[in-house]
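So you can see what is in the structure, the chains are spelled out below.
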Amino acid sequence: MPTDTPNPADRPRDATDTPPPPASRGYGPVFAVREFRAVFAAHLLSLLGVVVSELALTVLVYGLTGSPLLSALTFALGLLPYLVGGTLFAGVADRYPARRVLVTCDLICAGCVTVMVLPGIPVGGLLALRCLVAAVSPVFTGTRMAALTDILGEGDLFVLGRSLLRIVSQSALLAGFGAGGVLLAVLSPRGAITITAVTFLCSAALLRFGTRDRPARSDGDGRGALLRESLSGARTVLTDRRIRGLLLLFWLPPMFVVAPEALAAPYADEIGVGPVALGLLMCAMPVGQIAAELYVGTALTPHLRSLIVLPAAAAGLLPLMVYGFRPGTVATALALVLAGAGGAYVIGLDQWFVEAVPESLRGRAMTLLTAGMMTLQGVGMALAGLAAEFLPVHQVIAGAGAVGALCVLLLVLEVRRTAPADRIRTEVRDGADQHMASG
């Protein structure tokens, strides 16, 4: 039977306050770490700033131009620069102290949104500033992910901390657009953007004064070599068979699962439902993911989280095949909740990734992880939209579920083959012990 004995890897290496023993399940021990509380609050503020600024900027651009294309392009520019920033600037995450990188990224974002509110800025300038904020985002996210291993250690506290940040990200999408709508009802778009500048500055202050200053993970190989260092790190990460498989397991399911989100409005029109039903369909998947991640993080042991990674990843896209029958609103929403719940596999996958990546490459690997995930989601949306030009919407979404499930199944087999022998033995033993306990 598995025992919840404390794991030394769960203890922060240099935290100023000691968390409760990780034997207690749930997220409480993570919030007991003072530095994590600062990171969590900063994450919430910066996320709300990003979501509200995206909405306000879209309204501003549409008001200035009257062009739906440019308005939509404002949203698209939130995804496209991820690949550039995450590939060319990934070396920043390891080359400089994490706190300095995080604070600088927040200040750059605050500066960009401040310039956006100045009168007379042309639309091209607004879109360029939007691109700069998006290019900074993967560096910020990757650096913060790597810094969490210093704050929370490399064990279960890190996994739960990452889980909490993901839950906040999903919740911010639900709350941020609502908050943005309220702000735009009482303020001009430029007024709402001004408020987001304040959120970025508050995030920078929390990270500067709420976290410790730690040395950089690597010294680099000289000034002017940042690009070479970034590309070299990406090449090293991608040529490692184990790490490459884990990265793809992070990337591929989201690439396919965005199809119903990208085609939500056309599908609602296809089955003849109104805006209320459309809103329900848009919320269903995030709700499923938040609920499942909270359950897995609270109720399951680290051993069980590891056991469900591959089955949940393999089965997560299957609910989308229900679209092939053109179900009504309720059945579609249930399928989306199940598809969102399948995303909880990443809790255990986070631990595998940290174990597989050398510490000197961790910042670059996690920056690349973020950039690839966001970029492929954008690609997935574009491909779904393109396919829907030639096929019925319900067939496109069902096809995304079927093709995606097959691709992920093949990837699961690859990840299984590259698993360390001691992990396979441990998972088999823990699974057998759990079966005996439940019997």
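Bear in mind that the values here come from a model prediction, so they are computed numbers and not experimental data.

> Report on the overall build of the protein chain, specifying residues and quantitative values.
A count of helical and extended segments in the protein chain gives 20 helices and zero strands. Of the roughly 18500 Å² of accessible surface on the protein chain, a fraction of 69% belongs to carbon and sulfur atoms.

> I'd like to hear about the packing of helix α11 (residues 241-257) against helix α18 (residues 362-387), residue by residue, with values.
Two numbers describe how α11 lies on α18: the axes approach to 8 Å, and their chain directions differ by 25°. Of the possible angle classes, the one that applies to α11 and α18 is roughly parallel. Between α11 and α18 lies a crossing whose hand is right-handed. Taken together, the residues of α18 that come into contact with α11 (itself represented by L247, F250, W251, P254 and M255) are A365, L368, L369, G372, M373, L376, Q377, V379, G380 and L383. Classifying every residue of the contact of α11 with α18 gives 12 nonpolar, three polar and no charged.

> Give me the lowdown on the environment of A284, citing residues and values where you can.
Of note, A284 is situated in helix α14 (residues 275-299). By relative accessible area, A284 is classed as buried at 6%. A sequence separation of 50 residues divides A284 from L334, and the C-alpha atoms of the two residues are 7.4 Å apart. Sequence-distant contacts of A284, defined by excluding residues within four places in its chain, comprise A333, L336 and V337.

> Tell me about the side chain of S163, and please be specific about residues and values.
Tracing the backbone shows S163 in helix α8 (residues 156-186). At 2.8 Å, the side chain of S163 and the side chain of Y27 are in polar contact.

> Can you explain the nonpolar core? Please cite residues and give values.
In terms of nonpolar packing, the biggest core is built from 108 residues, with F36, L152, I193, L247, L249, L349 and F353 touching the most fellow members. Per-element accounting of this core gives the leading share, 13 residues, to helix α7 (residues 123-152). Those residues in contact with L249, other than ones at most four positions away along the chain, are V309, L310, A313, Y345, L349, V408, L411, V412 and V415.

> Explain helix α15 (residues 302-315) residue by residue, including any values.
Look at α15: 20 Å from first C-alpha to last across 14 residues, which is about the 20 Å you get at 1.5 Å a residue. Where α15 is concerned, the buried positions are L304, R305, S306, V309, L310, A313 and A314.

> Give a description of the environment of P122 that names residues and reports values.
Secondary-structure assignment places P122 in the loop between α6 (98-116) and α7. Under the relative-accessibility criterion, P122 is labelled exposed at 53%. C-alpha separation for the pair P122 and L64, spaced 58 residues apart in sequence, amounts to 9.0 Å.

> So, the packing of α11 against helix α19 (residues 393-418): which residues are in play, and what are the values?
How two helices sit against one another is set out by the angle between their axes and by the gap between those axes. At a closest axis distance of 9 Å, the pairing of α11 and α19 adopts a crossing angle of 165°. The pairing of α11 with α19 is recorded here as roughly antiparallel in orientation. You can see that α11 and α19 cross each other, and the crossing is left-handed. Of the residues in α19, those in contact with R241, R242, G245, L246, L248, L249, L252, P253 and F256 of α11 are A400, V403, G404, C407, V408, L411, V412, E414, V415, R417 and T418. Taken together, the residues that form the contact of α11 with α19 break down as 13 nonpolar, three polar and four charged.

> Go over the state of the cysteines with me, naming the residues and quoting the values.
Applying the stated criterion to the full structure yields zero disulfides. No disulfide involves C112; its sulfur sits 6.4 Å from the nearest other cysteine sulfur, which is in C109.

> An account of the packing of aromatic side chains is needed here, citing residue identities and associated values.
On inspection of all chains with the given rule, the structure shows five aromatic pairs. Where F31 meets F40, the ring centres are 5.1 Å apart and the plane angle is 80°; that geometry is what we call edge-to-face. Judged by centre distance (6.1 Å) and plane angle (40°), the rings of F36 and F40 are tilted. Here F40 and F36 lie together in helix α2 (residues 34-65), a separation of four residues that amounts to about one turn. Given the relative accessible area of 0%, F36 is considered buried. Three or more aromatic residues link up through ring pairs in this structure, and these residues are F31, F36 and F40.

> Kindly report on the environment of L160, identifying the contributing residues and their values.
On the secondary structure map, L160 appears in helix α8. Using a relative accessible area of 2% as the deciding quantity, one classes L160 as buried. Along the chain, L160 and Y27 lie 133 residues apart, while their C-alpha atoms are 6.4 Å from each other. When sequence neighbours within four positions are dropped, the list of residues in contact with L160 reads G26, Y27, V30, G297 and R305.

> Outline the pattern of salt bridges, supporting the account with residue identities and numerical values.
For side chains bearing opposite charge, pairing can occur when the charged atoms are close. Overall, the coordinates contain nine salt bridges when judged by the stated rule. Across the pair D213 and R99 runs a salt bridge, and its minimum N-O distance is 4.0 Å. Remark: R99 occurs in helix α6 and D213 occurs in the loop between α9 (189-210) and α10 (226-239); sequence separation between them is 114 residues. Its relative accessible area of 17% is what places R99 among the buried residues. Across the salt bridge formed by R305 and D156, the nearest N and O atoms sit 2.3 Å from each other. Taken together, the positions of R305 in helix α15 and D156 in helix α8 put the pair 149 residues apart, joining distant regions of the chain. Residue R305 is classed as buried on the basis of its relative accessible area, which comes to 3%. On the accessibility criterion, D156 (9% relative accessible area) is buried.

Definitions and limits used
- Residues numbered from 1 in each chain as written.
- Predicted model: local features only at pLDDT ≥ 70, side-chain atom pairs only at ≥ 80, totals over all residues.
- Heavy atoms only, no water.
- Helix = DSSP H or I, 4+ residues; strand = E, 2+ residues; numbered from the N terminus.
- Areas by Shrake-Rupley, 256 points an atom, 1.4 Å probe, with all protein chains shown as cover.
- Axes fitted to C-alpha atoms, helices over the stretch in contact; angles between N-to-C directions.
- Parallel < 35°, antiparallel > 145°, perpendicular 65-115°, else oblique.
- Left-handed = near helix turned anticlockwise from the far one by under 90°.
- Contact = heavy atoms within 4.5 Å.
- Nonpolar A, V, L, I, M, F, W, Y, C, P; charged D, E, K, R; others polar.
- Buried < 20%, exposed > 50% of the residue type's maximum accessible area, 1.4 Å probe, protein only.
- Polar contact = N/O pair within 3.5 Å; in protein donor to acceptor, adjacent residues only side chain to side chain.
- Core = buried A, V, L, I, M, F, W, Y, C linked by side-chain atoms within 4.5 Å.
- Expected span 1.5 Å × (residues − 1).
- Disulfide = S-S within 2.5 Å.
- Phe/Tyr/Trp six-rings, centres within 6.5 Å; stacked < 30°, edge-to-face > 60°.
- Salt bridge = Lys/Arg side-chain N within 4 Å of Asp/Glu carboxyl O.

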